[in-house]
Amino acid sequence: MMRFLLLFSRQGKLRLQKWFTPIPEREKKKIVRDMTTMVLARKPRSCNFLHWKDLKIVYKRYASLYFCCGLDAEENELIALEMLHRYVELLDKYFGNVCELDIIFNFEKAYFILDEFLLGGEIQETSKQVVSRAIEASDMLQEAEIDNSDYDLELGWP
Amino acid sequence: MSPSVRLQEMIRVIRGARTQGEERGVIQRECAAIRAQFRQADNGTRSHNLAKLLYVHMLGYPAHFGQMECVRLIASPRYNEKRVGYLGAMMLLDEKQDASLLITNSIKNDLSHNSQYVQSLALCTLACMGSAEMCRDLAPEIDRLLRASNSYIKKKAALCAVHIVRKVPDLGELFTPAARSLLCEKNHGVLHGAVVLITELCERNPDTLEQFRKVVPELVQIMKGLVMSGYSPEHNVAGISDPFLQVRILRLLRILGRNNDTASDAMNDLLAQVATNTDSSKTAGSAVLYETVLTVMDIKSESGLRVLAVNILGRFLLNNDRNIRYISMTSLQKIVQTDHNAVQRHRGTIVDCLKDQDASVKRRALELSLALVSAVNIRSLMKELLLFLSSCPPELRAHTTSGIFNAAERYAPSQRWHIDTILHVLTTAGGDVRDETVPNLIQLITTATELHCYTVHKLYRALITDISVQSLVQVACWCIGEYGDLLLRGECEETEPVQVTEDDVLDALETVLQSHMSSPATRGFALTATMKLSTRITHNVDRIRSIVSIYGSCIDVELQQRAVEYNALFKKYDHMRYRGSVCGAPSVIAKLPEYLLGGSGEPVPSSGLSHTVPGPATSTSGGDLLDLLGGLDVSPGE
């Protein structure tokens, strides 16, 4: 399974953190520090895989953002790269030519999209379209509620 | 003003802060406002305030006062409040917080909500941070959803069940029947979840594993469908149909086929098919091939299939993509013991990877090369390893030198080759060798009696070129002290002899003694060597005597002690000088290293000088081989 997923900028600023196992706050901070240090120190055309403690670390840089995940030792690194790429594609589809600023100002949306793609550290849906449609539908539900206070979530429209 | 804008406005303000202090100030003000809002009655802004708090939390600031707000929002009837509430729960609450128990009831209710998107929130949160207690509580609900719901919910319920099984393994039995029936679904999301769930169940329970071996044919069918199907736009990634699902199925097959002939036979054809039909030009295809190779090597596969798998890894080694080269080498490393010959066939490519730019690839190539050393290829492989050593990154040097020494020790074709190799390593990377290298080399040289002349010539040449590498200098000094007569004789069979005078040799040793680059241990070697030469040379004994007496007042205590005792040998015990104390003898040599190194080069306290050295001072028979300076009662300053 995936233990954690981090997004951080080239200056080491955290843009998203998803943890799939219970870890104390202090240790989370340490892991984030270690990951940013390790990944930012890598030369441009290096291999995308690292070892850290008993985990495999897979990272990929997309423009100004680093996507970095920590995996159990038996995971397939190459498919993990595809997983990161899929998440970026989903963000791109949602925001339209996604950039770092989109993720900064709409971080909660980035989480919602992630939660339609991964669940409990595993992939939950392998079709791009199904994920995108689910996000759209959830957003519409949210809009309906905000626009019309008559809308009742339990019963639908009166 | 729509809620998102308020959040975005705050983010803008925080980002606009020019210093850390300014940012802290802004955040403190915002948090104070948020706290105040939380305390008020519901005014429709709770979700935005929590969202703001979550942003602040991501920047690293404390946000624990938002935990109860998460609980409240989750219980709200409004979707947008639930959405942010559950997000907050996943970010701020974990199973160790007491507040997490309070949301169990909300989750329970939401699991049976009319709207699947609310159900989805509950499932997601449970799978992310559900404690063992919550899992036990809600497991029956999850099982119900596994059986009777739409595919959107089923796939999430499956992964939720995976989390539950990880937290409470006993509950695996509850989910086994439902997991089995999920394999009949067509929906890829559900199938993927089912495969992950079955994998988890089989890994934890051998009985369940036995049960699920029966579904191997079904899994094979599903895989065949994926591999042979035409282009499917919904699941296609670079020409591969749903590589994520393929990889998971292959992994499950691996677990089911392990140590079981029947299951392994049933999947043999499929694996061969996947191995030959999958296009590996992009990462997706390579990922599937990689998983196939891992499965083939782990189950009881036919030898033909194993060779096919190793060849795939060999092909990977030639791939332009560095990641694939790295993956190939980690896999080869795992099988190099069991399938040694198959891996040997790719030795050439592996050795080429030593020259790769990437440090991770280099490290893997080094490990693999060292594992492939054998009596047959030692000469050619060592050439490559020595070449690698001269340009390898500093963090790999120590590992490389010790690997080379081990390999040389096991497979050296001749003593001369062995000595040459060690000397080459010392010249190239003498600073990165382990401490035992010096005594080990001395031992080796001693036993290679026919090569004493050759060795002392080589070491002398090395010494006059460069005295910065301590290990090399120490061995060189020792050798010159021991076999200096062979050097002075001016003839050698194995190599071009040097024409040196006694003064030249003493010059070399004195340079070492006086150089600030020499460590105290190295000086010790040089001084002892100088002393030993007093029995091997004829003309310059006075020069040696004067060198030794100079060091009698050296600041370094160790050196001073030695010099004084050597001095005493000259004065009081000159007759013994030839007989026992400075002539080479096996027992002396065996003890020499410990004596001279005495605690990695640090000065040995004077009490240590004689503790390894037996032999009373009173023995004057001369025939006894007195250990160097054994039992002499001298006092400094004499």
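About the cut-offs
- Residues numbered from 1 in each chain as written.
- Chains lettered and ligands numbered in written order.
- Predicted model: local features only at pLDDT ≥ 70, side-chain atom pairs only at ≥ 80, totals over all residues.
- Heavy atoms only, no water.
- UniProt positions renumbered as here; feature names shortened; annotations may be inferred.
- Helix = DSSP H or I, 4+ residues; strand = E, 2+ residues; numbered from the N terminus.
- Buried < 20%, exposed > 50% of the residue type's maximum accessible area, 1.4 Å probe, protein only.
- Polar contact = N/O pair within 3.5 Å; in protein donor to acceptor, adjacent residues only side chain to side chain.
- Contact = heavy atoms within 4.5 Å.
- Expected span 1.5 Å × (residues − 1).
- Pairing = 2+ DSSP bridges.
- Axes fitted to C-alpha atoms, helices over the stretch in contact; angles between N-to-C directions.
- Buried area = accessible area lost by both parts, 1.4 Å probe.
- Salt bridge = Lys/Arg side-chain N within 4 Å of Asp/Glu carboxyl O.
- Phe/Tyr/Trp six-rings, centres within 6.5 Å; stacked < 30°, edge-to-face > 60°.
- Core = buried A, V, L, I, M, F, W, Y, C linked by side-chain atoms within 4.5 Å.
- Lys, Arg positive; Asp, Glu negative; His and termini not counted.
- Parallel < 35°, antiparallel > 145°, perpendicular 65-115°, else oblique.
- Left-handed = near helix turned anticlockwise from the far one by under 90°.
- Nonpolar A, V, L, I, M, F, W, Y, C, P; charged D, E, K, R; others polar.
- 1 Å grid on protein atoms, 1.4 Å probe; cavity = no way out; pocket = protein on both sides within 12 Å on 5 of 7 lines; lining within 4 Å.
- Points joined across faces, edges and corners; volume = space filled by probe spheres on them.

Per an unreviewed UniProt entry, chain B goes by the name Clathrin/coatomer adaptor adaptin-like N-terminal domain-containing protein and belongs to Esox lucius. Listed under Sequence similarities (unreviewed entry) in UniProt, the entry text for chain B is "Belongs to the adaptor complexes large subunit family."

Looking at an unreviewed UniProt entry, one finds chain A named AP complex subunit sigma, with Esox lucius as its source organism. Chain A has a UniProt comment under Sequence similarities (unreviewed entry) that states "Belongs to the adaptor complexes small subunit family." Under the Subunit (unreviewed entry) heading, UniProt states for chain A: "Adaptor protein complex 1 (AP-1) is a heterotetramer composed of two large adaptins (gamma-type subunit AP1G1 and beta-type subunit AP1B1), a medium adaptin (mu-type subunit AP1M1 or AP1M2) and a small adaptin (sigma-type subunit AP1S1 or AP1S2 or AP1S3)."

Visitor: Even after reading the chapter, I still don't get the side chain of B:Gln8, so can you show me in this structure?
Guide: Along the chain, B:Gln8 falls in helix α1 (residues 3-16). For B:Gln8, a relative accessible area of 19% corresponds to the buried category. A polar side-chain atom of B:Gln8 sits 3.1 Å from a polar atom in the side chain of A:Asn106. Sequence-distant contacts of B:Gln8, that is, excluding residues within four places in its chain, are made with A:Phe105 and A:Asn106.

Visitor: Looking at this structure, how should I read unusual backbone geometry?
Guide: Glycine aside, a negative phi is what most residues show, and trans is what most peptide bonds show. Residues and elements named next belong to chain A. Not every positive phi belongs to a glycine, and Lys-53 is a case in point at roughly 50 degrees. Secondary-structure assignment places Lys-53 in the loop between β3 (49-52) and β4 (55-62). Lys-53 gets classed as exposed once you look at its relative accessible area, which sits at 63%.

Visitor: I would appreciate a short explanation of helix α22 (residues 359-372) of chain B in the present structure.
Guide: An α-helical turn contains 3.6 residues, so any two residues separated by three or four positions project in the same direction. Residue and element names in this part refer to chain B. Helix length check: α22 (14 residues) gives 20 Å between terminal C-alpha atoms against 20 Å at 1.5 Å per residue, within 8%. Burial analysis of α22 places ten of its 14 residues in the buried class, which makes it a mostly covered element. Within α22 the residues assigned to the buried category are Ser-360, Val-361, Lys-362, Arg-364, Ala-365, Leu-366, Leu-368, Ser-369, Leu-370 and Leu-372. At the N-terminal end of α22, a side-chain oxygen is found 2.8 Å from the backbone nitrogen of Ser-360, two or three residues along, and the residue is Asp-358.

Visitor: How do you make sense of the sheet that holds β3(A) when you look at a structure like this?
Guide: For sheets, the rule is that strands pair by backbone hydrogen bonds, running either parallel or antiparallel. Residues and elements named next belong to chain A. Within the open sheet, the five strands sit side by side as β2-β1-β5-β4-β3. Their pairing is antiparallel. Looking at the sheet topology across the chains shown, the edges are occupied by β2 (14-19) and β3. Strand-to-strand twist across the sheet, computed as the mean angle between neighbouring axes with direction ignored, equals 20 degrees. Note: β3 against β4, four bridges, orientation antiparallel. The residue bridging Trp-52 from the neighbouring strand is Leu-55, located in β4.

Visitor: When you look at the interface of chain B and chain A in this model, what are you seeing that I'm missing?
Guide: Interfaces are frequently sized by the accessible area removed from exposure as the parts join. Chain B puts 68 residues into the contact, and the matching count from chain A is 64 residues. Counting the surface lost from both chain B and chain A, the interface buries some 6100 Å², and carbon and sulfur atoms represent 56% of this. The three residues of chain B that bury the most area against chain A are B:Met58, B:Arg83 and B:Phe244, which together make up 13% of that side's buried surface. Run the count over chain B and chain A and you get six salt bridges.

Visitor: What exactly am I supposed to notice about the packing of aromatic side chains here?
Guide: Residue and element names in this part refer to chain A. A full pass over the atoms with the stated rule returns ten aromatic pairs over all chains. Note on Phe-8 and Tyr-66: the rings are 5.8 Å apart at their centroids and 20 degrees apart in plane angle, and the pair reads as stacked. Note that Phe-8 is positioned in strand β1 (residues 2-9) and Tyr-66 in strand β5 (residues 65-71), a separation of 58 residues in sequence. Classification of Phe-8 as buried rests on a relative accessible area of 0%. Ring centres of Phe-107 and Tyr-111 lie 6.5 Å apart, and the angle between their planes is 85 degrees; on these two criteria the pair is classed as edge-to-face. Highlighted residues: Phe-107 and Tyr-111, both in helix α4 (residues 107-117), separated by four residues, approximately one helical turn. Considered together, Phe-107 and Tyr-111 belong to a single accessibility category, that of buried residues. Ring pairing ties together the aromatic residues Tyr-62, Phe-67 and Tyr-87, which thus form one cluster.

Visitor: What am I meant to see in the nonpolar core here?
Guide: General note: in soluble globular proteins, nonpolar side chains tend to be found buried as a group. Counting residues in hydrophobic clusters, the biggest one holds 276 residues, and the most contacted among them are A:Tyr87 and B:Ile142. Setting aside its immediate chain neighbours within four residues, B:Ile142 contacts B:Leu111, B:Leu123, B:Leu126, B:Ala157, B:Cys160, B:Ala161, B:Ile164 and B:Phe175.

Visitor: Help me understand the side chain of A:Asp102, please; the structure alone is not making it clear to me.
Guide: All names here are of chain A. Structurally, Asp-102 is set in helix α3 (residues 100-105). Among buried charged residues, Asp-102 stands out as having no salt bridge; its nearest opposite-charge side chain is Lys-109, 10 Å away. Polar side-chain contacts of Asp-102 include one of 3.0 Å to the backbone nitrogen of Cys-99. Excluding its chain neighbours within four sequence positions, the residues that come into contact with Asp-102 are Phe-95 and Asn-97.

Visitor: Looking at this structure, how should I read the environment of B:Ser390?
Guide: Residues and elements named next belong to chain B. Position of Ser-390 among the secondary structure elements: in helix α23 (residues 378-391). Measuring from C-alpha to C-alpha, the distance between Ser-390 and Cys-479 comes to 25 Å, with 89 residues separating the pair along the chain. Side-chain polar atoms of Ser-390 contact the backbone oxygen of Leu-387, separated by 2.5 Å.

Visitor: Please clarify how the packing of helix α10 (residues 151-167) of chain B against helix α12 (residues 188-204) of chain B should be interpreted in this entry.
Guide: Packed helices, taken two at a time, are described by their axes: the angle between them and the distance between them. Residue and element names in this part refer to chain B. Running from N to C, α10 and α12 cross one another at 15 degrees; their axes reach a closest spacing of 8 Å. With respect to α12, the element α10 is oriented roughly parallel. The two elements α10 and α12 meet at a crossing, and its hand is left-handed. Listed contacts from α12 to Ser-151, Lys-154, Lys-155, Ala-158, Leu-159, Ala-161, Val-162, Val-165 and Arg-166 of α10 are Gly-189, Val-190, Gly-193, Ala-194, Val-196, Leu-197, Glu-200, Leu-201 and Arg-204. Residue composition of the contact of α10 with α12, grouped by class: ten nonpolar, three polar and five charged.

Visitor: Can you help me understand the environment of B:Tyr460 in this one?
Guide: All names here are of chain B. Within the element layout of this structure, Tyr-460 appears in helix α27 (residues 452-465). For the pair Tyr-460 and Leu-389, spaced 71 residues apart in sequence, the C-alpha to C-alpha distance is 23 Å. Those residues in contact with Tyr-460 that lie beyond four places of it in its chain are Ile-480, Leu-487, Val-498, Val-500, Asp-504, Val-505 and Ala-508.

Visitor: So what exactly am I meant to see when it comes to the packing of helix α2 (residues 77-95) of chain A against helix α17 (residues 283-298) of chain B here?
Guide: Look at α2(A) against α17(B): their axes get within 8 Å of each other, and the N-to-C directions meet at 145 degrees. The chirality of how α2(A) crosses α17(B) is left-handed. Across from A:Glu77, A:Leu78, A:Ile79 and A:Glu82 in α2(A), the residues of α17(B) making contact are B:Thr283, B:Ala284, B:Ser286, B:Ala287 and B:Tyr290.

Visitor: Explanation requested: empty space enclosed by the protein in the structure shown.
Guide: Gaps left between atoms are located by rolling a probe of water-molecule size over the structure's atoms. Applying the stated rule across the entire model yields eleven cavities of 30 Å³ or more. Its boundaries defined by the atoms lining it, the largest cavity holds a volume of some 210 Å³. Taken together, 20 residues line the largest cavity, and the ones lying closest to its centre are A:Trp19, A:Thr21, A:Lys28, B:Met90 and B:Leu93. Contributing elements (two or more residues each) for the lining of the largest cavity: β2 and α1 (25-40) of chain A together with α5 (79-92), α8 (116-129) and α10 of chain B. In terms of residues, the lining of the largest cavity owes the most to one element, β2(A), which gives three residues. Across the lining of the largest cavity, the residue classes tally to nine nonpolar, five polar and six charged.

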